[in-house]
Amino acid sequence: MIQLHVTITALSPLCFSERRPGGQFRFSIDYVSGAVLRGAAAALMLRAGEEQTPTFRRLFGVGQAPAALFRCAYPGDAVLPHTAMSCKDYPGFLPSPGAESSEARHGVFDTLIDRLCFEQLQPPGLLYMPRCLEDHCDPGRAEASTGFYQRDATRYQSRSMPQRLLTRVGLNRQRMAAEDALLYSPMVLSEAWWSDQGSEQAHFVGSVWVDDDLAPALRTTLPQITHLGSGAARGLGQVQIACETGPSSYAESARLQARLCAFKTMVRSRWQEIATLCEATVPPCPYIFTINLRSDAILKEYGWLSTTVLTAEMLQVATGVTDPSLCLLRSYSSYDYRGGWHTAQRLPKDTALVTRLGSVFVFQTADLTPWYAPLAALEVSGIGERTAEGFGEVRVCDNFHIVGRTRQ
Ligand SMILES: [Zn+2]
């Protein structure tokens, strides 16, 4: 499979509401989900009368496994893991050196490796408590930091889309005047806004994994999409999409091995440092790796029971590896509910329990060697259900666990 990089530029306000409003206000999710992009691509091909073509049937999995996996498109390149923390009083990534910034920020850091080593080794009389890493910060309380971020040349930057409230009224078709009780207020993602750098336009970065021979067809279709999300008839959702070919899955596999090794080295060195605090003999450092969720995942235990924890058995089933030594050390996860609208069937989708993006699952094994290839394959195929719609995208040993050891 090869990866197509997709950049979505908003030309009008965007609205991706997940469910019908219980009250007057309707909130939008703050990124473009894979299902939205997939639905728009399918609708375009359906309108062109390509429903019965083998390309359409393979791309969207009619009577077979889908040959294209649409990932969610985010305002930044990466998602902060649930273990990331920031100062409670001055939260946010450090400003770039030399830049004039009106607000003080004490940086974002990651707590996974320290917390894991402390919990496993339990040095006598010591407990791990995360604290702001800025010198002389008082009281230095830390709290979880979530969201999307981007790495520029010199610094990390948090990325989010500002939302604004529109108010619209329904018209009575006979009288052509405002209809009673049809005032509604969708919360929309702004297409542009003012920041320190001047005017900024809303960009989302995502990707699609697709079988090699179908990539040209999808590369032609995606840039033809002009609208995403709801409210196209009311001036919402106008977009421009650019698409370019990225690396193949083999190239990604080499990068994964490098990340696994860097993670192993980092855990080893911290394990040794904390082991010196323990009086008793300490066990040798085990092989540890993490599975990070880069998008919401629909996980089912035994194939039917909704859960928010990825167990060792589920990981073995998903990767096809049999490893009796594999065990789940820790999980840092949260949950949410996701619905949606099925464009082709014109029916609402089932509301599913999802494990939120940014969740982290830490596994221990006796030997990493049999895991390299299956984990690389898992990064492409995703985990859980509805992976073609962008659910269950995983990243093994997210880089932020390593770079976040020092505050960014
Ligand atoms: Zn602080």
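I will try to describe carefully the structure that is included in this document. (Residues numbered from 1 in each chain as written. Predicted model: local features only at pLDDT ≥ 70, side-chain atom pairs only at ≥ 80, totals over all residues. Heavy atoms only, no water.)

## Structural notes on the overall build of the chain
Moving on, step 1. The number of helices and strands found in the chain is eight helices and 26 strands.
Moving on, step 2. A compact globule built from 408 residues would reach a C-alpha radius of gyration of about 22 Å, and the chain, at 23 Å, matches this within 12%.
Moving on, step 3. Principal-axis analysis of the C-alpha atoms places the extent of the chain at approximately 85 × 50 × 40 Å.
Moving on, step 4. The buried share of the chain, reckoned over its 408 residues, is 48%. (Helix = DSSP H or I, 4+ residues; strand = E, 2+ residues; numbered from the N terminus. Rg over C-alpha atoms; globule rule 2.2 N^0.38 Å. Buried < 20%, exposed > 50% of the residue type's maximum accessible area, 1.4 Å probe, protein only.)

## A short note on the pattern of salt bridges
Any two side chains of opposite charge can pair, on the condition that their charged atoms come close.
Moving on, step 1. This model, assessed by the stated rule, comprises 20 salt bridges.
Moving on, step 2. Note that Arg 58 is salt-bridged to Asp 211, the shortest N-O span being 3.4 Å. With Arg 58 in helix H2 (residues 54-59) and Asp 211 in the loop between strand E15 (203-210) and helix H4 (215-221), this residue pair connects regions lying 153 residues apart in the sequence.
Moving on, step 3. Note that Glu 119 and Arg 330 form a salt bridge whose closest N and O atoms lie 2.8 Å from each other. Pair noted here: Glu 119 is in helix H3 (residues 112-121) and Arg 330 is in strand E20 (residues 327-332), with a separation of 211 residues, a long-range link.
Moving on, step 4. Beyond isolated ion pairs, a larger network of salt bridges with shared partners links Asp 114, Arg 270, Glu 273 and Arg 405. (Salt bridge = Lys/Arg side-chain N within 4 Å of Asp/Glu carboxyl O.)

## Focus on empty space enclosed by the protein
Moving on, step 1. Summed over the entire model, instances satisfying the criterion amount to one cavity of 30 Å³ or more.
Moving on, step 2. Approximately 50 Å³ is the volume found for the largest cavity.
Moving on, step 3. The wall of the largest cavity is formed by Val 79, Pro 81, Asn 292, Leu 293, Arg 294, Gly 358, Ser 359, Arg 395 and Asp 398.
Moving on, step 4. Looking at side-chain class alone, the lining of the largest cavity contains three nonpolar, three polar and three charged residues. (1 Å grid on protein atoms, 1.4 Å probe; cavity = no way out; pocket = protein on both sides within 12 Å on 5 of 7 lines; lining within 4 Å. Points joined across faces, edges and corners; volume = space filled by probe spheres on them. Nonpolar A, V, L, I, M, F, W, Y, C, P; charged D, E, K, R; others polar.)

## So, the coordination of the zinc ion
Moving on, step 1. Taken together, Cys 87 (SG), His 106 (ND1), Cys 132 (SG) and Cys 137 (SG) make up the protein donors of the zinc ion, found 2.1 to 2.4 Å from the metal.
Moving on, step 2. Bound by four donor atoms, the zinc ion shows angles of 104 to 116 degrees at the metal and therefore tetrahedral coordination geometry.
Moving on, step 3. In primary sequence terms, the donor set of the zinc ion follows C-x18-H-x25-C-x4-C. Highlighted residues: His 106 in the loop between strand E5 (84-87) and strand E6 (108-110) and Cys 137 in the loop between H3 and strand E7 (142-144), separated in sequence by 31 residues.
Moving on, step 4. Classification of Cys 137 by relative accessible area gives buried; the value is 5%. (Donors = N, O, S within 2.8 Å, 3.2 Å for Na, K, Ca; no water. Tetrahedral: all angles 85-135°; square planar, octahedral: opposite > 155°, others 65-115°.)

## With respect to the state of the cysteines
Moving on, step 1. Counted under the stated rule, the structure contains zero disulfides.
Moving on, step 2. As a non-bridged cysteine, Cys 15 has Cys 72 as the owner of its nearest cysteine sulfur, 17 Å distant. (Disulfide = S-S within 2.5 Å.)

## Regarding the packing of aromatic side chains
The description of an aromatic ring pair uses the distance of the two centres, along with the angle that the planes make with each other.
Moving on, step 1. Under the definition given, this model contains 15 aromatic pairs.
Moving on, step 2. With 6.5 Å between their ring centres and 90 degrees between their planes, Phe 93 and Phe 400 make a pair best called edge-to-face. Of the two residues, Phe 93 is situated in the loop between E5 and E6 and Phe 400 in helix H8 (residues 400-403); the sequence distance between them amounts to 307 residues.
Moving on, step 3. Classification of Phe 93 by relative accessible area gives buried; the value is 5%.
Moving on, step 4. Taking the relative accessible area as the measure of exposure, Phe 400 reaches 0% and is therefore buried.
Moving on, step 5. Taking 6.0 Å as the distance between ring centres and 80 degrees as the angle between the ring planes, the aromatic pair formed by Tyr 335 and Tyr 337 counts as edge-to-face.
Moving on, step 6. What makes Tyr 335 exposed here is its relative accessible area of 53%.
Moving on, step 7. Site record: aromatic cluster; members linked through ring pairs are Phe 93, Tyr 149, Tyr 156 and Phe 400.
Moving on, step 8. If you follow Arg 268 out to its NZ or CZ, it ends over the ring of Tyr 287, 5.5 Å from the centre. (Phe/Tyr/Trp six-rings, centres within 6.5 Å; stacked < 30°, edge-to-face > 60°. Lys NZ or Arg CZ within 6 Å of the ring centre and 35° of its normal.)

## Overview of a nonpolar patch on the surface
Moving on, step 1. On the surface, Val 169, Leu 171, Met 176 and Leu 183 cluster together into a nonpolar patch covering about 400 Å² of accessible area.
Moving on, step 2. Mapped onto the fold, Val 169 is located in strand E11 (residues 168-171).
Moving on, step 3. By relative accessible area, Val 169 is classed as partly exposed at 40%. (Patch = residues over 30% accessible without salt bridge, like charges linked within 9 Å, V, L, I, M, F, W, Y side chains within 5 Å. Areas by Shrake-Rupley, 256 points an atom, 1.4 Å probe, with all protein chains shown as cover.)

## Structural notes on the layout of surface pockets
Moving on, step 1. By volume, the second largest pocket is sized at about 770 Å³.
Moving on, step 2. Along its surface, the second largest pocket is lined by 30 residues, and Asp 77, Ala 78, Arg 255, Arg 294 and Arg 395 are the ones closest to its centre.
Moving on, step 3. If you tally residues by element for the lining of the second largest pocket, the top one is E15, at four residues.
Moving on, step 4. Counted by class, the lining of the second largest pocket contains 12 nonpolar, seven polar and 11 charged residues.

## Observations regarding the sheet that holds strand E1 (residues 2-10)
Moving on, step 1. With respect to topology, four strands assemble into an open sheet ordered E3-E15-E1-E16, the strand pairing being antiparallel. The strands lining the two open edges of the sheet, one partner per strand, are strand E3 (68-70) and strand E16 (239-248). Here the strands of the sheet are splayed against their neighbours by 25 degrees on average, with no regard to which way each runs.
Moving on, step 2. Bridge count between E1 and E16: eight bridges; the pairing is antiparallel. Bridge pairing in E16 links Leu 4 to Thr 245.
Moving on, step 3. The strands touched by helix H1 (residues 34-47) within the sheet are E1, E3, E15 and E16, with E3 carrying the most contacts at an inclination of about 130 degrees.
Moving on, step 4. Sitting on the sheet, helix H5 (residues 249-275) is in contact with E1, E15 and E16, with an inclination near 70 degrees to E16. (Pairing = 2+ DSSP bridges. Axes fitted to C-alpha atoms, helices over the stretch in contact; angles between N-to-C directions. Contact = heavy atoms within 4.5 Å.)

## A closer look at unusual backbone geometry
Moving on, step 1. A cis amide bond links Asp 138 to the next residue, Pro 139, at an omega of 5 degrees.
Moving on, step 2. Inspection of the secondary structure assignment puts Pro 139 in the loop between H3 and E7.
Moving on, step 3. Positioned with a positive phi, Tyr 302 is a non-glycine residue whose angle comes to about 55 degrees.
Moving on, step 4. With respect to the helices and strands, the residue Tyr 302 is situated in the loop between strand E18 (299-301) and strand E19 (305-307).
Moving on, step 5. Classification of Tyr 302 as exposed rests on a relative accessible area of 64%.

What is shown is where atoms sit, not what they do.
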